[in-house]
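# Results of the structural survey
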Amino acid sequence: MTKRTKGMAVLFAAFWVCCFLLVSNSLSQEMPKPGEVIDKNNYKKYAYLFPEEILPGFENGFGGFWKPFVLKIVETKPASQPKAFLALSEKNRGKYTIDKDGLIAGGYDYEGLPFPGVTLDDKDFATKFMYNYNYRYNWEDAAGHARDAEKRKGENVTSIEFEQESICFIGRLVTPPKPFYKNPAGLQFAQMLAYTDPSSYRGQVLLTCKYLDIKKSDEVYIYLPTMRRIIRGDASQRSTPIQGTTNAFDDFNGGFEGKVEQFTYKFLGQKKVMGCLTSPFNIAMSKKLQAEGGGALPFSSENWEVRDAYVIEIKAKDPKYPQKTKVVYIDKDTLMILHASATDKAGKPWKVWMTNYRTYDLPNGDKANTNVGQLGIDVQVGFATFFTMDNKMVGNNLKYADVMSSAMSRKSR
Amino acid sequence: MKGGGIKMKKAGQRFFLAVVFLGLMAFLIPNYSAAFETIKLGEETEVTFYGFLRNNTGMFLQNPQPFSQSSNVLATERTWFRGYTDFKIMNELRFWSTIQFAYEPRYKVEHGAKTSRLLDPDGPILKDGKEYSEYKDIDDILRETYLEWKPAKEHSIKIGRQMAIWGEALTTRVGDVIHPEDQRFSLAFANLEDTRIPSWMARGVHSIPSIDSSFEWIVNPNIVQDKYRVNRLASIADNTLEGEPGERFGLHPETRFDPPFSVTNPLLGPPFSIPGVAVTHPFSRDWIEAFPGFWVPTAIPTVTAKYPGAWSGTRGGFRTNTTLSGWNFGFSYFHTQEYNPVVKRGDLTGGIDPDTGLPLRQYTLVFPNKDIIGGYLNKQLPWPGVLRAEVIYVPNQPFNTFDTRDFDAIVRRDYIKYMVAYDLNSFFYFQWHKTAPFDVTIEHVGEVIPKNKNIQYIIYSTEQKQWNPAFNMRISTNWLYNLISTELVAGYMPWGRSGLIMPAVKFMPSWFNKKLSFELKYINIFGKNDFQGLGILRKKDMVLLTSQFDW
């Protein structure tokens, strides 16, 4: 054989080896069956159902922050944004576009998704999809308790607890005024967090307000019991960690709650991932698992299912933004972020999130989803959290007066 | 023997109570979650108990302290126990109380000082530490207790002993005018919260959502013991015959011979005066130069204090708050009294001082009425940062005057205090410190007395500035997600080239779910002299360790 022939043979062989590997990989992408468990022993078999950044959780719980992850698989059930909300969105179909500044053009009235039915062949698909995400049916009002279990590498698990009240002023389906709750400040959303534990934090109150006018800066107010005053915070605090947690406000709701126009978006593809939309997790379980965990953070193993997700890469337009990129895995049907990860400004892996949701019934017979548990870890510093919420969704009779800054002192002392 | 037995018995009781208390704390406090879980008593009814045990240990760095009784460097050894009760009776009704006990020992450094009843010659001498300990007086122990009635979401009315803080300044007080201060046990600027003296008041806050506004009103009768109605001041080294040192946090005495505003007779020396400590204005008005270089008094002061009346001195006012186009602003009015005493020179009483044979002259420490009109605002700027500003205008601020034509030595002048601040939170955020940004606050505070001629600065033979600007700055961050917090507060006042530097580091480990914390703070006060700006406290540098257990 000549050298050339040998070379051809090697290339030919290499081609077939590659083909074989690809096919075998494809063949191996079988879906886990209901009742099956994904854990340390078999997670590699299903590794393609997770972002790469989450896999160390199965191996050793990210170096001991959790017990190695165990996911109990259930059958995938249909889920979506509430049907009435999708119906409300239909009037917006094909009505709006994205302008050169990345804003919605055409006079969007905040009722329903601005881009219902946006398809992958749309050149602005990623941005339009993220606007849909931003204006998805959130909830109308929510009130309840939240708990953040935290662990610094090598230390005990600690926890912070607080009460939260939030109002979404747009896209309301069942609670009057609907679908838009007109308010003098022109708010889209407001949330008040009042810390209750530990006692060193008790009495602190945090109010965040997001305006309908997308160009208007968010606002943050802080009430410190030691000062007994409401202090105007800096809205750019949305990008820096909230006291004692890995999460900034921009990292909320599964990993991304930033202002849409302040970021650019790139569609990376579609992917089947494991998600949890019917989690039974609550604060009592969080406390119980922490107590039994032997120094590990709580983790919700129940009701994981295979979901179809869009993978979107997010970059901040602000060059000072602390994260270089964030990648989110958003459920195609419910518009909930199932997984997310972020790199630091140098591009090194920094933060990882994985979120559990539960499904709740709306009085109109619809169903909606809400966040009940979020795992977050700063893999560089070695600090991890598991955030849990027990909220009553809808029917809390929350008014604008409940989220005025003057209401903050009434939450404290 | 009997007395000794009683002492032993009391000491034993205290020890026993301390052991029981610590035992209860250890038994009751779980180590991973809330100290005391909220107790549910019904669908709407619940009660929560929490609080802290705190110790402040401070050491003076200058040894000996000027005008002190010994070279002991213990600056403070204060231990607090504070308990909060938050009792939600129903959604519309809530009861709140704060009880506090504090213990401080007798300080060798101020042995022999008068109590903080400023210039009261009949005041008892400190001897057993009870001056600072709080355990038997209801006005000390019952720090707060009020009922809050919320007839609707928009309305809240609190009745009882409470604290209401107004204003925007973080490093000092401008619009925060409601409560007097207890300045005896700490440098007030280093502990703005705990030095406030709470007040009995009715207070309402009414939100008006339709115009994004709220209205707050306060009615505050002085139904506390008289000493709690005004600032409680640490006594200053005295020039009376006893030659008393000052309390630890008392101001530097006037030591300059600057007749007629500060006089002494250096030729006589002790026991007629503490060397270097002068008689201050307006008491100095009764001294004359009998012979060249020889100053003598012509009358002996008899000093009393006239505190604001319980009901006649009722304080009150209102404050508005409005949010409009991103601006948060409001106006305030408060009628109150001057909380620092102003010395009113009176007539000769007709009496004779038995020691000197000189006539007695009446001097009264008065706390005149005044009205405080204020305004404030804050705004998230279009670029990074938050603007905060506030101003108060007092049209009838009482001052002591050097103008000897004014017999009672008190005049009223316009007084303005303002603050402009810029907060840059989260702007300084670095790759090498990802867990938190550096928060920076810069505050400019100014005091203006348009007609400042002859206006006396506290006790000194120093005329107040027409414009007295100060510049304060605070830089803070935390490390490893709040394991360690660091802070630097610095202030500079061109007047007297004075200011302060306060770096602090706080350690909050995960033990007991962050219930335990330790803060080490260094307080440095500088100035070119002892009589201007902050220089009046410049020799009180200290390190302060605060250990706190939150339960």
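Definitions and cut-offs
Residues numbered from 1 in each chain as written. Chains lettered and ligands numbered in written order. Predicted model: local features only at pLDDT ≥ 70, side-chain atom pairs only at ≥ 80, totals over all residues. Helix = DSSP H or I, 4+ residues; strand = E, 2+ residues; numbered from the N terminus. Buried ≥ 20, exposed ≤ 12 C-beta atoms within 10 Å, placed from the backbone. Contact = placed C-beta atoms within 7 Å. Rg over C-alpha atoms; globule rule 2.2 N^0.38 Å. Pairing = 2+ DSSP bridges. Nonpolar A, V, L, I, M, F, W, Y, C, P; charged D, E, K, R; others polar. Arc of directions from axis to C-beta. Domains from an automatic or database assignment. Core = buried A, V, L, I, M, F, W, Y, C linked by C-beta atoms within 7 Å. pLDDT = per-residue confidence, 0-100. Axes fitted to C-alpha atoms, helices over the stretch in contact; angles between N-to-C directions.

## What to know about the overall build of chain B
- For chain B, the count of helices and strands is two helices and 26 strands.
- Within chain B, the fraction of its 551 residues that count as buried is 41%.
- When contacts within chain B are restricted to residue pairs at least 6 apart in sequence, those whose partners lie at least 24 apart make up 60%.

## Looking at the overall build of chain A
- Counting its secondary structure elements, chain A contains six helices and 17 strands.
- Here the C-alpha radius of gyration of chain A, 23 Å, is about what a compact globule of 413 residues would show, namely 22 Å.
- A burial count over chain A gives 50% of its 413 residues as buried.
- Restricting to contacts in chain A with at least 6 residues of sequence separation, those with at least 24 account for 61%.

## Here's the deal with the pairing of strand β20 (residues 410–430) of chain B
All names here are of chain B.
- As paired elements, strand β19 (residues 386–400) and β20 share 13 bridges and run antiparallel to each other. Paired with I392 across the two strands is K417, which belongs to β20.
- Of the strand pairs in this sheet, β20 and strand β21 (residues 433–448) are connected by eleven bridges, and their pairing is antiparallel. The residue of β21 that forms the bridge with L424 is V440.
- Between β20 and β21, which pair antiparallel one after the other, the connecting turn spans two residues.

## Remarks on the interface of chain B and chain A
- Listed as interface residues are 49 residues of chain B and, on the opposing side, 47 residues of chain A.
- For the side of chain B that touches chain A, the secondary-structure elements that each account for two or more residues are β7 (199–208), β14 (315–324), β18 (369–380), β19, β20 and β21 of chain B.
- A total of five residues in the side of chain B that touches chain A trace back to one element, the largest contributor, which is β20 of chain B.
- Here the side of chain B that touches chain A is composed, by residue class, of 19 nonpolar, 19 polar and eleven charged.

## Looking at unusual backbone geometry
- The amide bond that connects P176 of chain A to the next residue, P177 of chain A, takes the cis arrangement and shows omega of -5 degrees.
- Tracing the chain through its elements places P177 of chain A in the loop between β6 (157–168) and β7 (187–197).
- Residues D197 of chain A and P198 of chain A are joined by a peptide bond in cis, for which omega reads 0 degrees.
- Relative to the helices and strands, P198 of chain A is located in the loop between β7 and β8 (205–211).
- Positive phi outside glycine occurs at N513 of chain B, with the angle close to 55 degrees.
- Note on placement: N513 of chain B falls in the loop between β24 (498–507) and β25 (516–526).

## A short note on helix α5 (residues 283–292) of chain A
All names here are of chain A.
- By the burial criterion, the buried members of α5 are I283, S286, L289 and Q290. Along the axis of α5, the buried positions cluster into a sector of 130 degrees, meaning they face one direction only. For α5, the exposed residues lying more than 90 degrees away from the buried face are A284, K288, A291 and E292.
- Against the buried residues of α5 lie β5 (141–152), β6 and β17 (383–393).
- One or two positions beyond α5, positive phi appears at G294, with a value near 60 degrees.

## Let's talk about the domain arrangement of chain A
Residues and elements named next belong to chain A.
- What the domain assignment reports for chain A is domain 1 (71–79 + 130–411) and domain 2 (83–129).
- At the junction of the two partners, domain 1 supplies 22 residues and domain 2 supplies 19 residues.
- Broken down by element, the side of domain 1 that touches domain 2 gets its largest block of residues, four residues, from helix α4 (residues 125–134).
- Here the residues of the side of domain 1 that touches domain 2 are counted per class, giving 15 nonpolar, three polar and four charged.

## Considering the nonpolar core
- By size, the foremost hydrophobic cluster in this structure holds 67 residues, and its most contacted members are L187, M419 and I523 of chain B.
- Contacts of L187 of chain B, omitting those with residues within four sequence positions, involve F249, I523, L537 and K540 of chain B.
- Ranked by size, the runner-up nonpolar core spans 64 residues in total, among them F62, Y265, F281 and A384 of chain A.

## Comments concerning helix α2 (residues 56–64) of chain A
Residues and elements named next belong to chain A.
- Listing the buried residues of α2 in full gives G57, F58, G61 and F62. Looking straight down α2, one finds its buried side chains confined to an arc of 100 degrees; they lie on one side.
- The secondary structure elements touched by the buried residues of α2 are β16 (367–378) and β17.

## Points about the environment of R228 of chain A
- Tracing the backbone through its elements, the reader meets R228 of chain A in the loop between β9 (219–224) and β10 (229–232).
- Taking C-alpha positions, R228 of chain A is 35 Å from Y135 of chain A, a pair spaced 93 residues apart along the chain.
- Sequence-distant contacts of R228 of chain A, that is, excluding residues within four places in its chain, are made with M163 and I165 of chain B.

## Here we look at the confidence of the model for chain A
- Mean pLDDT for chain A: 89, with 92% of residues reaching 70 or above.
- Predicted confidence for residues 18–27 of chain A stays below pLDDT 50, and this span has zero contacts to residues more than four positions away or in other chains.

## Here we look at the sheet that holds strand β13 (residues 300–306) of chain B
Residues and elements named next belong to chain B.
- A sheet is described by the order of its strands in space; here three strands give the open sequence β13-β17-β16, paired in mixed fashion. The sheet terminates laterally at β13 and β16 (342–352), the two strands that pair on one side only. In this sheet, adjacent strand axes meet at a mean angle of 30 degrees when their direction is disregarded.
- One ladder, built from seven bridges, connects β13 with strand β17 (residues 359–366); its direction is parallel. Each residue of the ladder has a partner; that of V303, found in β17, is Y363.

## Observations concerning the environment of Q431 of chain B
- Here Q431 of chain B is to be found in the loop between β20 and β21.
- Take Q431 of chain B: there are 10 C-beta atoms within 10 Å of it, and that puts it in the exposed class.
- Considered as a pair, Q431 of chain B and G346 of chain B are 85 residues apart in the sequence and their alpha carbons are 67 Å apart.
- The contacts of Q431 of chain B, once residues within four sequence positions are left out, are D344, K345 and A346 of chain A.

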